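Remarks on the overall topology
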Amino acid sequence: MLPHRPQGQAIVVMAALAGFALSAGVASARPVARLVVSPDSGAVGTRVSVRASGLPPRVNGLVVFDDRTVASFRTTTAGSFATRFAVPRGRSVRAVISTRMLGKDRGADVSQSAHTTSFKVTAPRSKSGSTGSKHGGSNGGGGGSGAGTGSTGSTGSTGSTGPTGSTGSTGPTGSTGPTGGSGPSGGPPPTGSSGPTGSTGGGSSAGTWDPPRSLTWYWQLQGTVNNTEPVAVYDIDGFDNTTSEVATLHAKGIRAICYIDVGTAENWRSDYSSFPASVLGAANGWPGEKWVDVRQLSVLEPIMTTRFRMCKEKGFDAVEPDNMDGYENKSGFPLTAANQLTYDEWVAGEVHSLGMAVFQKNDGEQTASLKSHFDGALTEECNVYEECSSFTPYLAEGKPVLNAEYRSSNAFCTADDGTGIMGARFSLELNGKTFEPCW
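Description of the structure in this document. Computed from a predicted model, the values in this text were never measured in an experiment. (Residues numbered from 1 in each chain as written. Predicted model: local features only at pLDDT ≥ 70, side-chain atom pairs only at ≥ 80, totals over all residues. Heavy atoms only, no water.)

1. Remarks on unusual backbone geometry
Positive phi outside glycine occurs at Asp363, with the angle close to 55 degrees. Following the sequence through the fold, Asp363 ends up in the loop between strand E20 (360-361) and helix H4 (367-370). (Helix = DSSP H or I, 4+ residues; strand = E, 2+ residues; numbered from the N terminus.)

Have a look at this one:
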């Protein structure tokens, strides 16, 4: 075991989110643990900041809302952390909040805290609109509003409460009915489009994962996935892994990133024949792999959209779009930084439109332009190439920077730890044989 690697993970179980204190009998010299969340109520999709102090130093953990992992963190040397998450769909509940140290095989309690509180999940109030039928993403079944002017339209597909539909047929004026009770989940459904004639419901990001700044991660692109690592997210191949594998990770409270190549075409992929010869350029150094001409958006967009939809259908939470730096390589095409930027921004927008997060892959020179489009960054050997600072703007915005190093030493961990980059050492083949994280 590496000297910098902790013996386990601290998990902050936050089924309801509130302040807590460690029991008086635990480490009397340790400062009282404090947890502050803001706000303490909100609708699905509300961004909640979480700050804590008085915890053990340099430990990794997860933030759990009800029974769902919503963020991860790593405490500082002073035993504090700050992270954020978006309120997931669920009930308003009261539950025990505690901290525990967990190893890979067994856990040992370090707190017997029994404080309870609740986070109130509220439904946004519907806006009054024109005298049309109401079809804009109403509350979940069993919780619809009482009848008002016009008949009540059908509920929109999953989504937060959408605005009143645009002008439709005027229904007869009915007497005001009582407000319906809460639906089965006690809150609005996750994001989606509105009902048949209504306009699209707001809060489209409510169902999209918001990766936290301190994100523990594991990366494996070859071989049978080792799904036993105690991390918050796995990055695995989108083609080679099934819906079942993603579901297995989710059952453990682990998020899943879908590795998809967007800058090269690999001749072993099932959709390789979709790439016409006109977009295939020079070999990129890996057998059977060629750079693609990212200027030809009309050709590449439908291919990549199909790939992203595959990720979504398998249940992935995010996408890692690889080889986003063709313009910096001998691609066989006269690509410019502007060509690459246009393509990269389209990739980010398309992934987001499908309800998934997306990471910038390499191309640190364009971080200033890309950071507003992506939810974090994944870089390879930024210490070797002295470009880690190119990705730190993400950290300043509370977004994660994941760094993979392939060298034989873990000396880079000191630098990564110092900046807040989540670094780890892997084998170059990314086959699961080497995984030595810095946290």
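The rest of the description comes next.
2. Some words on the packing of aromatic side chains
Scanning the model with the defined rule gives eleven aromatic pairs in all. Taking 5.0 Å as the distance between ring centres and 85 degrees as the angle between the ring planes, the aromatic pair formed by Tyr218 and Phe435 counts as edge-to-face. Within this pair, whereas Tyr218 is found in strand E12 (residues 217-220), its partner Phe435 is found in strand E24 (residues 435-437), the two being separated by 217 residues in sequence. Comparing Tyr218 with Phe435 shows no difference in burial state: the two are buried. (Phe/Tyr/Trp six-rings, centres within 6.5 Å; stacked < 30°, edge-to-face > 60°. Buried < 20%, exposed > 50% of the residue type's maximum accessible area, 1.4 Å probe, protein only.)

3. Thoughts on helix H2 (residues 297-314)
In this model H2 runs 25 Å from its N-terminal to its C-terminal C-alpha over 18 residues, within 8% of the 26 Å that 1.5 Å per residue would give. Every buried residue of H2 is accounted for by Leu300, Ile303, Met304, Thr305, Arg307, Phe308, Met310, Cys311 and Lys314. Lining the buried residues of H2 we find helix H1 (243-251), strand E14 (255-261), strand E17 (289-292), strand E18 (318-322) and helix H3 (337-353). At the exit of H2 stands Gly315, carrying a positive phi of roughly 100 degrees. (Expected span 1.5 Å × (residues − 1). Contact = heavy atoms within 4.5 Å.)

4. Considering the sheet that holds strand E16 (residues 280-283)
The three strands lie next to each other as E15-E17-E16, forming an open sheet whose pairing is antiparallel. If you trace the sheet from one side to the other, it starts and ends with strand E15 (264-266) and E16, each paired once. This sheet shows a mean twist of 40 degrees between the axes of neighbouring strands, independent of strand direction. Bridging between E15 and E17 involves three bridges; their strand directions are antiparallel. (Pairing = 2+ DSSP bridges. Axes fitted to C-alpha atoms, helices over the stretch in contact; angles between N-to-C directions.)

5. Notes on the nonpolar core
Across soluble globular proteins, nonpolar side chains show a tendency to be buried alongside one another. Membership of the largest hydrophobic core comes to 71 residues, with the highest contact counts inside it found for Trp217, Trp219, Ile260, Phe308 and Phe426. When near neighbours in sequence (up to four residues on either side) are disregarded, Phe426 contacts Trp217, Tyr218, Trp219, Ala404, Glu405, Tyr406, Thr434 and Phe435. (Core = buried A, V, L, I, M, F, W, Y, C linked by side-chain atoms within 4.5 Å.)

6. Some words on the pairing of strand E21 (residues 377-380)
With two bridges joining them, E20 and E21 adopt parallel strand pairing. The partner of Lys361 across the bridge, within E21, is Leu378. Here four bridges tie E21 to strand E22 (residues 401-405), and the two strands are oriented parallel to one another. Bridge assignment links Leu378 to a residue of E22, and that residue is Leu402.

7. What to know about the sheet that holds E18
Ordered by their spatial adjacency, five strands build an open sheet running E12-E13-E14-E18-E19, and the pairing between neighbours is parallel. Strands at the two margins of the open sheet, each flanked by one partner only, are E12 and strand E19 (357-358). Of the strand pairs in this sheet, E14 and E18 are connected by five bridges, and their pairing is parallel. Residue pairing in the sheet places Asp261 in a bridge with Asp322 of E18. Here H1 sits on the sheet in contact with strand E13 (233-237) and E14, set at roughly 145 degrees to E14.

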